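Remarks on the overall topology
The lines below spell out each chain.
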Amino acid sequence: AIYGVSFMYSLLLLRRGFHKDAPLLYPLIAGGILVHTVAMALRGFSFSRCPVTNLYEATAFTGWALGASYLVLGLGRRLTFLGVFAAPVLFGLGVFALMPRLDTHSAGEPFHTGLVSLHMSLTLLSYGAFGLGALVAAVYLMQERDLKSRKPQALTALLPPIERLESVTSKLLVAGLVLLSCGLMVGIGWLKLEKGVYLQIDSKVLWSFFVWLVYSVLVILRWRYAQRGRRFAWAAIGSYSFVMLTWWGFNLLSDIHNPR
């Protein structure tokens with residue numbers, strides 16, 4: 001409900017074109033994250049495990065990670081505006097998480113060890129960082145378009161310069177890649193302990209390594225070959241769109257992550 005209110009408020013802010021401060025947006029999203037955190041904690045304590053073991057919990061955790069990342073960045077006054085774009089995503093993920101049949105548990109579910117909880121938490125946190133990076137990239141494209149068309153709002157809007165937006169996008173992608181790398185390494189360790197192998201052919205495992213490869217290429221192109229501008233921004237948005245559109249399907253196909 002709080003995310004829904006922040007979403008409606010963000011629509012009003014979009015119509016104003018970022019020409020005025022949005023003093024209520026950050027507290028609104030912070031309130032939503034607070035309630036969200038309490039709900040996840042209560043669920044975790046009730047099951048005596050980290051609440052990241054099915055599609056409902058994973059979706060809720062991904063939204064929490066994105067919102068928490070925004071709260072950290074939003075502490076800097078010049079990046080508080082990102083809440084305008086984060087609020088619709090948080091609301092959408094919240095509604096999606098409440099779809100029927102997502103909150104199910106398998107009798108053969110192996111997700112009880114601390115290593116698995118750490119693995120899933122790290123990877124879902126990485127998706128939150130990637131998501132916020134994609135939102136910043138979208139703002140970059142919007143600001144660049146207005147500057148090229150010499151629209152007055154590009155000069156009067158309370159937005160950081162495009163160089164700052166590009167830098168923030170890059171740093172968020174690096175943070176997400178580090179988290180994803182750590183999550184994959186923990187997952188490999190769990191496979192070795194539980195199954196005696198370092199790698200198992202599985203749809204979600206192959207998908208995860210593909211996502212890692214995509215973001216690794218993006219980071220290398222950005223920092224080693226100075227790839228920047230529109231193409232880098234579109235790549236950040238496209239990569240995260242791929243993650244969000246395919247994560248659910250590959251998770252359902254996986255025998256490791258969705259045991260029958």
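Computed from a prediction, not measured in an experiment: that's the story for all the values here. (Residues numbered from 1 in each chain as written. Predicted model: local features only at pLDDT ≥ 70, side-chain atom pairs only at ≥ 80, totals over all residues. Heavy atoms only, no water.)

Further remarks concern the pattern of salt bridges. Under the criterion given, the structure shown has 2 salt bridges. Of the charged contacts, one joins E57 and R43 as a salt bridge, the two residues approaching to 2.5 Å between their closest N and O atoms. Note that E57 is positioned in helix 3 (residues 55-73) and R43 in helix 2 (residues 25-47), a separation of 14 residues in sequence. Comparing E57 with R43 shows no difference in burial state: the two are buried. (Salt bridge = Lys/Arg side-chain N within 4 Å of Asp/Glu carboxyl O. Helix = DSSP H or I, 4+ residues; strand = E, 2+ residues; numbered from the N terminus. Buried < 20%, exposed > 50% of the residue type's maximum accessible area, 1.4 Å probe, protein only.)

Time to look at the confidence of the model for the protein. Counting all residues, the mean pLDDT for the protein is 81, and 85% of those residues have values of 70 or more. Low pLDDT, under 50, characterises residues 107-112; the predicted model gives this stretch 12 contacts beyond four residues in sequence or across chains. (pLDDT = per-residue confidence, 0-100. Contact = heavy atoms within 4.5 Å.)

A separate point is the environment of L180. Turning to its location among the elements, L180 is positioned in helix 7 (residues 162-195). Assessed through its relative accessible area of 1%, L180 is described here as buried. A C-alpha to C-alpha distance of 8.0 Å links L180 and L125, two positions 55 residues apart in sequence. In contact with L180, other than residues within four places in its own chain, are T123, S126, Y127, F130, V211 and W212.

What follows concerns the packing of aromatic side chains. Counting across every chain of the model gives 6 aromatic pairs. Ring centres of F7 and F91 lie 5.5 Å apart, and the angle between their planes is 20 degrees; on these two criteria the pair is classed as stacked. With F7 in helix 1 (residues 2-16) and F91 in helix 4 (residues 83-97), this pair connects stretches of sequence that are 84 residues apart. What makes F7 partly exposed here is its relative accessible area of 22%. You can call F91 partly exposed: its relative accessible area is 32%. Aromatic pair Y26 and Y70: ring centres 5.7 Å apart, planes at 55 degrees, arrangement tilted. With Y26 in helix 2 and Y70 in helix 3, the pair connects residues that are 44 residues apart, well separated along the chain. (Phe/Tyr/Trp six-rings, centres within 6.5 Å; stacked < 30°, edge-to-face > 60°.)

Moving on to a nonpolar patch on the surface. On the surface, I2, L34, V35, V38 and L42 cluster together into a nonpolar patch covering about 450 Å² of accessible area. With 4 residues, the single largest contributor to the nonpolar patch is helix 2. With respect to the helices and strands, the residue L42 is situated in helix 2. (Patch = residues over 30% accessible without salt bridge, like charges linked within 9 Å, V, L, I, M, F, W, Y side chains within 5 Å. Areas by Shrake-Rupley, 256 points an atom, 1.4 Å probe, with all protein chains shown as cover.)

Right, let's talk about helix 1 for a bit. Here helix 1 spans 21 Å end to end across 15 residues, near enough to the 21 Å set by a 1.5 Å rise per residue. For helix 1, the complete set of buried residues consists of Y3, G4, S6, Y9, S10 and L13. Looking at the buried positions of helix 1, the neighbouring elements they touch are helix 2 and helix 4. (Expected span 1.5 Å × (residues − 1).)

Okay, the nonpolar core next. Membership of the largest hydrophobic core comes to 60 residues, with the highest contact counts inside it found for I29, Y127, L173, Y215 and W247. For this core, the elements supplying multiple residues, two or more each, are helix 1, helix 2, helix 3, helix 4, helix 5 (114-148), helix 7, helix 8 (203-223) and helix 9 (230-253). The element contributing the most residues to this core is helix 5, with 13 residues. In contact with L173, other than residues within four places in its own chain, are F130, Y215, L218, V219, F232 and A236. (Core = buried A, V, L, I, M, F, W, Y, C linked by side-chain atoms within 4.5 Å.)

Close contact between helix 3 and helix 9 brings their axes to 11 Å; oriented N to C, the two are set at 160 degrees. In terms of orientation, helix 3 lies roughly antiparallel with respect to helix 9. Viewed along their axes, helix 3 and helix 9 form a crossing whose handedness is right-handed. Residues L55, A58, T59, T62 and L66 of helix 3 pack against Y240, M244, W247, W248, N251 and L252 of helix 9. Each residue belonging to the contact of helix 3 with helix 9 can be placed in one class, and the counts come to 8 nonpolar, 3 polar and no charged. (Axes fitted to C-alpha atoms, helices over the stretch in contact; angles between N-to-C directions. Parallel < 35°, antiparallel > 145°, perpendicular 65-115°, else oblique. Left-handed = near helix turned anticlockwise from the far one by under 90°. Nonpolar A, V, L, I, M, F, W, Y, C, P; charged D, E, K, R; others polar.)

What follows deals with the packing of helix 1 against helix 4. It is the contact of helix 1 with helix 4, at a shortest axis distance of 8 Å, that shows an interaxial angle of 145 degrees. Read as a crossing pair, helix 1 and helix 4 show a hand that is left-handed. Of helix 4, the residues touching helix 1 (which contributes Y3, G4, S6, F7, S10, L13 and L14) are V84, F85, A87, P88, L90 and F91. For the contact of helix 1 with helix 4, the class distribution of residues is 10 nonpolar, 3 polar and no charged.

Mapped onto the fold, E144 is located in helix 5. Given the relative accessible area of 9%, E144 is considered buried. For the pair formed by E144 and R230, sequence separation is 86 residues and the distance between their alpha carbons is 8.4 Å. Discounting chain neighbours no more than four positions away, the residues touching E144 are I162 and R230. Among the polar contacts listed, one links the side chain of E144 to the side chain of R230, at a separation of 3.1 Å. (Polar contact = N/O pair within 3.5 Å; in protein donor to acceptor, adjacent residues only side chain to side chain.)

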